[in-house]
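What follows is each chain in one-letter form.
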Amino acid sequence: MNIPVIFQFLKEVSANNNREWFNAHKDLYEEARGEFENLLSAIITRISLFDESIRGVQVKDCTYRIYRDTRFSQDKTPYKTHLGGYINARGKKSDHCGYYVHIEPGNCLLAGGSYCLPPKTLKAVRQAVYDNIDEFRGIVENPDFKQYFPVIGEDFLKTAPKGFPKDFEYVQYLKCKEYTCYCNQPDSFFLAYDCVDRTAEIFKQMKPFADFLNYTIDDFE
C-alpha cells in the first residue's frame, strides 16, 4: 500500500477544488482511491479475525463517492477533501453499528456507532442502556475502551429524554442523540507501517460497544 499517495491527492484536491483541475488530474484520484481500497481490504481482513460478521464484506460496498451533494449547501465546492469507508456487516446505509475509517489531512479518525437512528430505535437503545446500565458502563468505562473512545455521542439532550427519570445517576448515557464513538488520529497514524494492526486493535476494543447496540438495533431491521 502507498498511503502517502492518498494524502497527497487529498491535499491537492483541497487546494484545487474545481472540476477543471479534477478532470485534468483524474488519474491521481484513481490512484488514491485504489490505495484507499487496498487499505480497507486489509482492515476488513484483520477485523474479520475478531468479528465474523465482517467476513465477506466487499470494499466496494464500504466506500463513498468523492462528489459532494451541494444542492442544499452554501459551500458549492464539488469534491470531498477526505476518503471514508464504513465497514458494516449489513451495508453502509444500515442502522447496524459498524467500523468507520476516515482519512483527511489534519483530521483523520476511526469511529463507530449508529447515527440518525429512527425515533423508535433510539428509544429502544436508550431503554437497553437504562435496563442494563452496569453492563453498558462496564463496556464504555473500561480503560481499554476509554483510552481510545473517551466520549459516547456527539450531540446531547439538555435533560433526560421523555419517559426516563431525570435523577437517573448515569443520565448522561441517555442524553445521547446518537450512540457513536470516535478516535482522532494524526496523519502519521495511517502513514506508519503498522497502521492496519493498530486500526484493528482499536476497533477490537470498540466491538463490545457495537455488540451492545446491535443487540437492540438489529431487531428493528
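These lines cover the structure that appears in this document, whether it is placed above or below. Each chain has its residues counted from 1, following the order in which its sequence is written. Per-residue local features are limited, in this predicted model, to residues with pLDDT of at least 70; the limit for side-chain atom pairs, both in listing and counting, is 80 or more; totals at the level of whole chains, interfaces and linings are taken over all residues. Excluding hydrogens and water, the side-chain values take into account all heavy atoms of the structure.

Our next topic: the sheet that holds strand E1 (residues 83–87). The four strands lie next to each other as E1-E2-E3-E4, forming an open sheet whose pairing is antiparallel. Strands with a single pairing partner mark the edges of an open sheet, and in this sheet they are E1 and strand E4 (179–185). Neighbour-to-neighbour, the strand axes of this sheet turn through a mean angle of 15 degrees, independent of strand direction. Two elements, strand E3 (residues 108–114) and E4, share seven bridges in a ladder whose sense is antiparallel. Its bridge partner lying in E4, Gly113 is registered against Thr180. Across the sheet, helix H1 (residues 3–15) touches E1, strand E2 (98–103) and E3, and the angle it forms with E2 is around 65 degrees. We treat two strands as partners when DSSP finds at least two bridges between them. A helix here means a DSSP run of H or I that spans at least four residues, while a strand means a run of E at least two residues long, and both kinds are numbered starting from the N terminus. Only the stretch in contact is used when fitting a helix axis, every axis being a line fitted to C-alpha atoms; angles between N-to-C directions are given from 0 to 180 degrees. By the convention used here, residues are in contact when the closest approach between their heavy atoms is within 4.5 Å.

Running from N to C, helix H3 (residues 26–47) and helix H8 (residues 195–217) point in directions that differ by 50 degrees, and their axes come no closer than 9 Å. In terms of orientation, H3 lies oblique with respect to H8. Note that H3 runs across H8; the crossing there is right-handed. Contacts from Leu39, Ala42, Ile43, Arg46 and Ile47 of H3 reach H8 at Cys195, Val196, Asp197, Thr199, Ala200 and Phe203. Polarity classes work like this: nonpolar for Ala, Val, Leu, Ile, Met, Phe, Trp, Tyr, Cys and Pro, charged for Asp, Glu, Lys and Arg, and polar for all others, with Gly in that last group. Class assignment for the residues of the contact of H3 with H8 results in eight nonpolar, one polar and two charged. Comment on the angle field: the value is read as roughly parallel under 35 degrees, roughly antiparallel over 145, roughly perpendicular from 65 to 115, and oblique elsewhere. Crossing chirality is assigned from the near helix's rotation relative to the far helix, an anticlockwise turn below a right angle marking it left-handed and a clockwise turn marking it right-handed.

Our focus in this paragraph is the pairing of E3. Three labels apply to residues, based on accessible area from a 1.4 Å probe with only protein chains included: buried if under 20% of the type maximum, exposed if over 50%, partly exposed otherwise in between. Counting buried residues along E3, seven of its seven residues qualify, which places the element largely inside the surrounding structure. Residues Cys108, Leu110, Gly112 and Ser114 line one face of E3 and the alternating positions Leu109, Ala111 and Gly113 line the opposite face, and both faces are buried. As judged from the five bridges shared by E2 and E3, these two strands associate in the antiparallel manner. Residue His102 lies in a different strand from E3, and its bridge partner there is Leu109.

So, about the pairing of E2. Along E2, six of the six residues are buried, which leaves the element largely enclosed by surrounding structure. Two strands pair when backbone bridges link them, and E1 and E2 are joined in this way by five bridges, in the antiparallel orientation. The partner of Tyr86 across the bridge, within E2, is Tyr100. Turn length for the E2-E3 hairpin, with the two strands adjacent in sequence and antiparallel, is four residues, and the turn residue Gly106 shows positive phi of about 80 degrees.

Where H1 contacts H3, the axes come no closer than 8 Å and their chain directions differ by 135 degrees. One way to sum up the angle between H1 and H3 is to call them oblique. Every pair of crossing elements has a handedness; the one defined by H1 and H3 is left-handed. Of the residues in H3, those in contact with Ile3, Val5, Ile6, Phe9 and Glu12 of H1 are Leu28, Tyr29, Glu31, Ala32, Glu35, Phe36 and Leu39. Tallied by class, residues from the contact of H1 with H3 come to nine nonpolar, no polar and three charged.

Let us look at the pattern of salt bridges. Throughout this description, the term salt bridge denotes a Lys or Arg side-chain nitrogen within 4 Å of a carboxyl oxygen of Asp or Glu. Per the stated rule, a full pass over the model turns up nine salt bridges. Where Arg33 meets Glu30, a salt bridge forms, and the shortest distance between an N and an O atom there is 2.7 Å. Pair noted here: Arg33 and Glu30 are both in helix H3, with a separation of three residues, about one helical turn. Residue classification places Arg33 among the partly exposed residues on the basis of a relative accessible area of 34%. Between Arg90 and Asp218 there is a salt bridge, with its nearest N and O atoms 3.6 Å apart.

Turning our attention to the side chain of Thr199. Relative to the helices and strands, Thr199 is located in helix H8. When its relative accessible area of 0% is taken as the criterion, Thr199 is described as buried. In the analysis that follows, any N or O atom pair within 3.5 Å is treated as a polar contact, provided that within protein one partner can donate a hydrogen and the other can accept it, and provided that, for residues neighboring in sequence, both atoms belong to side chains. A distance of 2.7 Å separates the side chain of Thr199 from the backbone oxygen of Cys195, its partner in a polar contact. When near neighbours in sequence (up to four residues on either side) are disregarded, Thr199 contacts Ile43, Leu110, Phe189 and Phe190.

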